[in-house]
Amino acid sequence: MVTSTLLVKIVGALVFLILAPVLGCLLAGVDRRITARMQHRVGPPLLQPYYDVRKLLAKEDASTNPVERIYIFMYLIFIIAAGCLFFSGGNFLLVVFILTLATLFLIVAAFSSRSPYAEIGASREILQVMSYEPMVLLVAVGFYMVTGTFDTAGIVSGTNPVVCYLPLLFLGFVYILTIKLRKSPFDLSMSHHAHQEIVKGITTEMSGKTLAIVEVSHWYENILFLGWVALFLAWGSWIGVVVAIVLTLLIYLLEIFIDNNFARVKWQAMLTSSWWIALVAGAINLATIPFIMNLF
Amino acid sequence: MSYTSKSPWIIHYDASSCNGCDIEVLACLTPLYDVERFGIINTGNPKHADVFLVTGSVNEQNVSVIRQIYDQMLEPKVVIACGVCATTGNIFRECYNTLGGVDLAIPVDVYAPGCAVRPEAIIDAVVKGLAVLEKKRADLDANRGKITASTEE
Ligand code: SF4
């Protein structure tokens, strides 16, 4: 029994390690095509994100300083670590903290270039972390109060999806998901759209292979975030998993829609709105959990 | 064809254009021409870009800026002069402050004539530039092999 659970854990981690970049790349390609269709354009080929990364890898090797690529590499490594832990049924709280550490490496990499553009991007990234972190921690608390465990394997194995008990926290989480996915109106630190005001924010000074690693990290990261959404929606059966995947993709579609329909907000609006939502949704939802639990 | 020519990212610089050519460059990004079909993205960042589009003639004030942008771009890179101003200096050629075409400041790979240059001509020039980009990448790879071989000896 012990070996079989260990096996399941290892398989979960390996599946993330190998499949996440493939799915993340396809997701990015689909995202760009849907975005183009929403703007009445044809859009790039589906595999365009893959072509971009291959091109970046073939570029001349250059870096503003010797440590930048090491920091970016650590960013990738810690995202992979967080994802493997998450998909092997590990501790959700630990996943959150590892991911914050990964983001810190990205911020330090941007600061290490000493370029004003990269520093503005890095400062904005810090603001983004400050905006979403309270909500994420409240979500972790909510999971614990409902299921009595922080382990993702335990959270999804109930008879009802957790979202039944945490509807407000789920809505709040979808709100900050826009920040986490760096989508407009919250794409302050780095935008995926062409030619922005502070041109590429946190990645301004990164080029060639370093930028390629950032892109691959985003593929991993996006799959991990969608996994978080699915954690709310899945329950302990095969149907539960399938329903969760379908609903998660619909939520991603909603994010693309939001991305294309809202102009970027100032950081003040991002910070205050996400804190208020976290406070109100979190407080009401956490306080009413005992009553909601009685309903089911 | 390698991946280099499947994802040419562009930086556009207005040297001293009358804005006629600039508007045509931006027109390429609109739904009508939609250059993102070819993976082309307007990055606005020399460190991310592969293709340097210059509109307008070079003058004493901006020649250093053009060289700076060019130097910040990583190999392989191509330069495309968009419009007659960028290719020769056009009617501003004789002005006291104008140097002339962009090729007086940096090496130009493709010239796209027209006043203003048409979006079709720009797209055509970028496609021509891709062949140059491909060749430069092959040279870069060959040199890379040479360098590692010599260090191994
Ligand atoms: S080529 Fe003509 S349209 Fe273009 S910048 Fe020169 S004068 Fe303006």
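Above this text is the structure in question.
The model shown is predicted, which means the values in this text are computed figures rather than measured ones. (Residues numbered from 1 in each chain as written. Chains lettered and ligands numbered in written order. Predicted model: local features only at pLDDT ≥ 70, side-chain atom pairs only at ≥ 80, totals over all residues. Heavy atoms only, no water.)

K.L.:
For the environment of Lys135 of chain B, give the residues involved together with the corresponding values.
P.N.:
Residues and elements named next belong to chain B. Along the chain, Lys135 turns up in helix H4 (residues 119-152). We classify Lys135 as exposed; its relative accessible area is 55%. Along the chain, Lys135 and Pro76 lie 59 residues apart, while their C-alpha atoms are 8.8 Å from each other. (Helix = DSSP H or I, 4+ residues; strand = E, 2+ residues; numbered from the N terminus. Buried < 20%, exposed > 50% of the residue type's maximum accessible area, 1.4 Å probe, protein only.)

K.L.:
So what's going on with the site of the ligand? Which residues, and what values?
P.N.:
Residues and elements named next belong to chain B. Around the ligand, the neighbouring residues are Ser17, Cys18, Gly20, Cys21, Val84, Cys85, Asn90, Phe92, Gly114, Cys115 and Ala116. Elements that contribute at least two residues to the shell around the ligand include exactly helix H1 (20-27) and helix H3 (84-87). Class assignment of the residues belonging to the shell around the ligand gives a composition of seven nonpolar, four polar and no charged. (Near = heavy atom within 4 Å. Nonpolar A, V, L, I, M, F, W, Y, C, P; charged D, E, K, R; others polar.)

K.L.:
Got a sec to walk through the pairing of strand E1 (residues 9-14) of chain B? Specific residues and values, please.
P.N.:
Residues in a regular strand project their side chains so that they alternate between the two faces of the sheet. Residue and element names in this part refer to chain B. Where burial is concerned, most of E1 is hidden: five out of the six residues are buried. Bridge count for E1 against strand E2 (residues 41-42) is two bridges, and the pairing is parallel. Of the residues in E2, the one forming a bridge with Ile10 is Asn42. Between the parallel pair E1 and E2, the chain is carried across by H1, and the sense of this crossover is right-handed. (Pairing = 2+ DSSP bridges. Right-handed = clockwise from strand over helix to strand, strands pointing away.)

K.L.:
Any details on the sheet that holds E1 of chain B? Residues and values, ideally.
P.N.:
Residue and element names in this part refer to chain B. Spatially, the five strands line up as an open sheet ordered E2-E1-E3-E5-E7, and their pairing is parallel. What marks the edges here is a single partner per strand, and that holds for E2 and strand E7 (110-112). Here strand E5 (residues 78-82) pairs with E7 via three bridges, running parallel. Bridge pairing in E7 places Ala81 opposite Tyr111.

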